Amino acid sequence: MLSYKLYKFFLMNLVGRIIVIVLFMTVSAESFAENGYELWMRYRNIEEKNLASTYINSIKNIQIDRSFPSLKAAADELTLALEGLLGEVPVSDTTLVDGTLIIGTETSSPMIRNLKLSSKIAGTGDEGYIIQNILINGKSCIVIASNTEIGALYGTFHFIRLLQTRQDISELNILEVPKLKFRVLNHWDNLNGTVERGYAGYSLWDWQRLPMYVDRRMIDYARANASVGINGTVLNNVNANSKSLTREYLIKAAALADAFRPYGIKVYLTAKFSAPIEIGGLKTADPLDPAVRKWWKNKVNDIYRYIPDFGGFLVKANSEGQPGPQDYHRTHADGANMMAEALEPHGGIVMWRAFVYENSRNVDRALNGYNEFIKLNGKFNKNVFVQPKNGAIDFQPREPFHPLFGKMTDTPLMMEFQITQEYLGYSTNLVYLAPLFKETLDSDTYTKGKGTTVAKVLEDYQRSNGMSGIAAVPNIGSDINWTGHLFGQANWFAYGLLAWNPQRTAEEIADDWIKMTFNHDKDFINAIREMMILSRETAVKIRGALGLNHIMNFATHYGPGPWYKDNHWDARDYHKADTYGLGVDRTATGSNVVAQYAPELSKLFSDPKTCPQKYLLYFNHVAWGYIMPSGRTLWDELVHQYFKGTDEVTQMRRIWDTMEGKVDAQCFNHVKQLLKAQEDEAIWWRDGSVLYFQTFSKLPIPADLPKPEHELNYYKRIPFPYDWNGIYK
Ligand code: GCV
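Residues numbered from 1 in each chain as written. Predicted model: local features only at pLDDT ≥ 70, side-chain atom pairs only at ≥ 80, totals over all residues. Heavy atoms only, no water.

### Details of the sheet that holds strand E1 (residues 61–63)
Which entries qualify depends on this criterion: DSSP-based pairing: two strands are paired if at least 2 bridges between them are found. Strands here are runs of E lasting at least two residues and helices are runs of H or I lasting at least four, both read from the DSSP assignment and numbered beginning at the N terminus. Axis definition: a line fitted to C-alpha atoms, limited for helices to the stretch in contact. Angles are taken between N-to-C directions and run from 0 to 180 degrees.
Judged by pairing direction, the sheet is mixed, and its five strands sit side by side in the order E1-E2-E4-E3-E5 without closing on themselves. Pairing within the sheet leaves two strands with one partner each, and these edge strands are E1 and strand E5 (173–176). Going from strand to strand, the sheet's axes swing by 20 degrees on average, the running direction of each strand aside. Bridge count for strand E2 (residues 100–105) against strand E4 (residues 139–146) is six bridges, and the pairing is parallel. Along E4, the bridge assignment pairs Ile103 with Ile144.

### Some details on the packing of helix H18 (residues 522–543) against helix H22 (residues 634–657)
Any two packed helices are characterised by how steeply their axes cross, that is the angle between the axes, and by the distance between the axes. Cut-off, in case you're wondering: Orientation categories follow fixed angle ranges, with anything under 35 degrees roughly parallel, anything over 145 roughly antiparallel, 65 to 115 roughly perpendicular, and all other angles oblique. Note on convention: near helix rotated counterclockwise from far helix by under a right angle means a left-handed crossing. Clockwise means right-handed. Here, two residues are considered to be in contact whenever any of their heavy atoms come within 4.5 Å of each other. Think of it as three bins: nonpolar holds Ala, Val, Leu, Ile, Met, Phe, Trp, Tyr, Cys and Pro, charged holds Asp, Glu, Lys and Arg, and polar takes everything else, Gly as well.
In the contact formed by H18 and H22, the axes pass within 9 Å of each other and the chain directions differ by 155 degrees. One finds that H18 runs roughly antiparallel with respect to H22. Between H18 and H22 lies a crossing of left-handed hand. Listed contacts from H22 to Ala527, Ile528, Glu530, Met531, Leu534, Ser535, Thr538, Lys541 and Ile542 of H18 are Gln641, Tyr642, Lys644, Gly645, Thr646, Glu648, Val649, Gln651, Met652, Ile655 and Trp656. In terms of residue class, the contact of H18 with H22 is built from 10 nonpolar, six polar and four charged.

### Things to note about helix H17 (residues 506–517)
A turn of α-helix holds 3.6 residues, and therefore any two residues three or four places apart point the same way. Stated precisely, the cut-off is as follows: Helix span is expected to be 1.5 Å times the residue number reduced by one. Only protein chains enter the area calculation, which uses a 1.4 Å probe; residues under 20% of their type maximum are buried, those over 50% are exposed, and those in between are partly exposed.
Here H17 is 12 residues long and its end C-alpha atoms lie 16 Å apart, about the 16 Å a rise of 1.5 Å per residue gives. Of all 12 residues making up H17, 10 are buried, and the element is well covered by its neighbours. Ala506, Ile509, Ala510, Asp511, Asp512, Trp513, Ile514, Lys515, Met516 and Thr517 are the residues of H17 that are buried. Where H17 is buried, its residues touch helix H7 (149–164), helix H14 (434–442), helix H16 (488–500) and H18.

### Comments concerning the pattern of salt bridges
Our working definition: Here, a salt bridge means any side-chain nitrogen of Lys or Arg that lies within 4 Å of a carboxyl oxygen of Asp or Glu.
All told, the structure shown has 45 salt bridges when counted by the stated rule. Residue Arg216 pairs with Asp220 through a salt bridge whose shortest N-O separation is 2.7 Å. Residue Arg216 and its partner Asp220 are located together in helix H8 (residues 216–227), separated by four residues, close to a single helical turn. Taking the shortest distance from any N to any O, the salt bridge between Arg504 and Asp512 comes out at 3.4 Å. Exposure class is identical for Arg504 and Asp512. Each is buried. By sharing partners, the salt bridges in this structure join Arg398, Glu439, Arg536, Glu537 and Lys614 into a single network.

### What to know about helix H9 (residues 247–260)
Compared with the 20 Å implied by 1.5 Å per residue over 14 residues, the 20 Å span of H9 between its first and last C-alpha is a close match. The element H9 is extensively covered by neighbouring structure, given that 10 of its 14 residues are classed as buried. All of the buried residues along H9 are Tyr249, Leu250, Lys252, Ala253, Ala254, Ala255, Leu256, Ala257, Ala259 and Phe260. Turning to H9, the residues buried within the fold contact H8, strand E7 (232–234), strand E8 (266–270) and helix H11 (290–306).

### Remarks on the packing of H8 against H9
Close contact between H8 and H9 brings their axes to 9 Å; oriented N to C, the two are set at 55 degrees. Taken together, the axes of H8 and H9 lie oblique to each other. Every pair of crossing elements has a handedness; the one defined by H8 and H9 is right-handed. Contacts from Met218, Ile219, Tyr221 and Ala222 of H8 reach H9 at Leu256, Ala259 and Phe260. Its residues placed into classes, the contact of H8 with H9 shows seven nonpolar, no polar and no charged.

### So, the pairing of strand E10 (residues 349–353)
Keep this limit in mind: Viewed with both strands pointing away, a crossover whose connecting path from the first strand over the helix to the second turns clockwise is right-handed.
Counting buried residues along E10, five of its five residues qualify, which places the element largely inside the surrounding structure. The pairing of strand E9 (residues 312–315) with E10 spans four bridges and is parallel. Bridging from a neighbouring strand, Val315 pairs with Trp352 of E10. The handedness of the E9 to E10 crossover, carried by helix H12 (residues 332–343), is right-handed. In this structure, E10 lies alongside strand E11 (residues 384–387), joined through four bridges in parallel fashion. Looking at E11, one finds that Arg353 is bridged to Gln387.

### Digging into the site of the ligand
This is how the line gets drawn: Think of it this way: one heavy atom of a residue within 4 Å of a molecule or strand is enough to make that residue near it. Polar contacts, as counted here, are pairs of nitrogen or oxygen atoms within 3.5 Å of one another; within protein the pair requires one atom able to donate a hydrogen and one able to accept it, and residues that are adjacent in sequence qualify only if both atoms are side-chain atoms. The Shrake-Rupley method, run with a 1.4 Å probe, gives the accessible areas here. Residue values count only the displayed protein chains as cover. Put simply, the grid is 1 Å and covers the protein atoms alone, a cavity is a trapped set of points that fit a 1.4 Å probe, a pocket is an open set with protein on both sides within 12 Å along at least five of seven lines, and lining residues have an atom within 4 Å of a point. Think of it this way: if more than half of a molecule's atoms are within 2 Å of a pocket's grid points, that molecule is in the pocket or cavity.
Around the ligand, 14 residues are found, and the nearest of them are Glu196, Lys316, Glu320, Lys389 and Glu422. Contacts to the ligand include Asn239, whose side-chain N or O atom sits 3.2 Å from an oxygen atom. In the environment of the ligand, an oxygen atom lies 3.2 Å from a nitrogen or oxygen atom belonging to the side chain of Asp394. When the ligand sits alone it has 330 Å² of accessible area, and the protein chains cover 96% of it. Structurally, the ligand is housed in the largest pocket. Across the shell around the ligand, the residue classes tally to three nonpolar, three polar and eight charged.

### Thoughts on the environment of Thr79
Note that Thr79 resides in helix H4 (residues 69–86). Residue Thr79 is classed as partly exposed on the basis of its relative accessible area of 26%. For Thr79 and Asp410, which are 331 residues apart along the polypeptide, the C-alpha to C-alpha distance reads 46 Å. A distance of 2.7 Å separates the side chain of Thr79 from the backbone oxygen of Ala75, its partner in a polar contact.

### A word on the side chain of Gln322
With respect to the helices, strands and loops of the structure, Gln322 is situated in the loop between E9 and H12. Sequence-distant contacts of Gln322, that is, excluding residues within four places in its chain, are made with Val238, Asn239, Ala240, Lys272, Lys316 and Ala317.

### Quick notes on the nonpolar core
The cut-off we apply is this: Buried residues of nine kinds, namely Ala, Val, Leu, Ile, Met, Phe, Trp, Tyr and Cys, make up a nonpolar core once their side-chain atoms join them within 4.5 Å.
Of all hydrophobic cores here, the largest spans 226 residues; its most connected members are Phe159, Phe260, Phe313, Trp656 and Phe693. Here the element with the most residues in this core is helix H23 (residues 665–697); it accounts for 12 residues. For Trp656, the contacting residues outside a window of four places in its chain are Phe487, Phe518, Ile528, Met531, Val663, Cys667, Phe668, Val671, Lys672 and Leu675. Counting residues in hydrophobic clusters, the runner-up holds 10 residues, among them Ile102, Ile112, Ile134 and Val143.

Here it is in structure tokens:
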């Protein structure tokens, strides 16, 4: 009754109508508050008037042939970007004026053909491009040219980035070629819509409504990836479901492939090794069985009928309960080659994961991947990548590089990073991962002498084996801001740019991301960059100081758990705390992981005096009283690291608090709340871990540091409500 009265009042009464309008405007303003959906493709008006008019004068006419799908995508993106950044969209006709932007290939653009740039464009390969200021018939033009349409799209995104980051565009002479050929995202999305280790909602793929309905979000996903050069996506979880290879799901995957194609993104699927049994009706999945081989051939032929440019398979075999060739006493190479042979005629590849370990407390897990695969070096088909994680354990906050890098001389390795923060506080924590990626990529393997960095090893496979690649498990989900934490977007962005060029620095990538996501205020950029760069070291101090790792709560991978144990797993195997000291002896007197590295490194890692402090406890069991480079004992240093880490989170929170008003209020509050949670959790990690390790060291907390507020049991009992295993297993 009341609502009817109100309704009548609003409709009949002039004042009421005004109230309705004001209410509507308020609600609209609220709904237009920034929610992070645009990612770094946030094209806001350039406020610096002079710069904006310089850009407007330099881009008056766009010449691009929209009949090519990727060029149409480039034109659409430019329209969106220029409308947002400059407030107007240039004309698009064939007249040549000062400020003509010409985009395309020698095939799509007669103008580019006439410019005689062939020799320069030839050097850009299949995906690269040039961006250049050129005087054509006395007119100042900008040319984005490439061998392929996708190269031109990448060049267009690069050009837009120049505008977004306010670069001078009057003397451009850019030539870009990706350093790695396959730049892939390995989604861990399940067919039921959940995402393994995904902390940004549910899967993006709407299996129920595909292929009839392809959400606009699929295009935005493709735009985001193309903008940073990602060219492949594995749609489903490595803990695979054979159903994804059935006709029903292939049709759905094909619809996604169609949507992604103009953006240069190929679709890949995970292949469950036992699929011939589960969906093929065979009695075995033995890779040497002719019927099984035939089944895979037919299945692959079928896939290519639906997806003509299908990328290939990603396989997790004989790992964590997944089936594999060893079930039939065959090798990983036997399994991979069977699939590779089926894919080869179509140009597809196999990405065979090296994440295998014996689930036994008697064997150091760090040894397994190397031992299993080194003996198969050179035994794989030419279209097979072996894919190790960046470290030998499991996407830890810090690990030394996987010892296979540099050692698999005859089989190409494809790096696997993790963008989703499985061990880094999910999407609650702000941890900028570019420094982690860089640390691995820049690590010197010494395998072909000093300077044989992991990045170089990856890149060199292009020359030696004709293929090179990198993959990462993304942090993307159905959350409105895609990644759960707004700053998680920076990790997706950074991965893409580093996959394109591992030489880029974490700092310059952070700068670009901040400018594209937030604003151009110098103080803001400096402070936020500093906070981002610091964030990874901070996370390490709290979750894996001095080379510790895998000491989280095992059930959830969230929160501290150096005390954790169940029937199969004991955190003590990963830290080996005892009354003598701390750390895992992986030298010759221990599990001898050091022997898997080049002699230079093996020697370095084996001696606590020469072992880099960041890997000290990964390779050595060190006495509590050992004097560290700081002059403190190991015990005091460890406790100091924990306290420094939590202080740094507080510092991050305070930096952000000063940014109120400099970023959109909704974004500000989102990050503010999460940083507070991060601070509380850091204290949980710190106090719980310090008190636990103290039960072994029996030493007091250094006098200059405060004592934990509670007893050890308090920290052990803190529940974590989101029990991942309970929900999804
Ligand atoms: C996809 C870790 C994770 C698993 C993941 C596995 C893998 O063990 O906890 O969720 O499974 O790595 O990379 O295969």
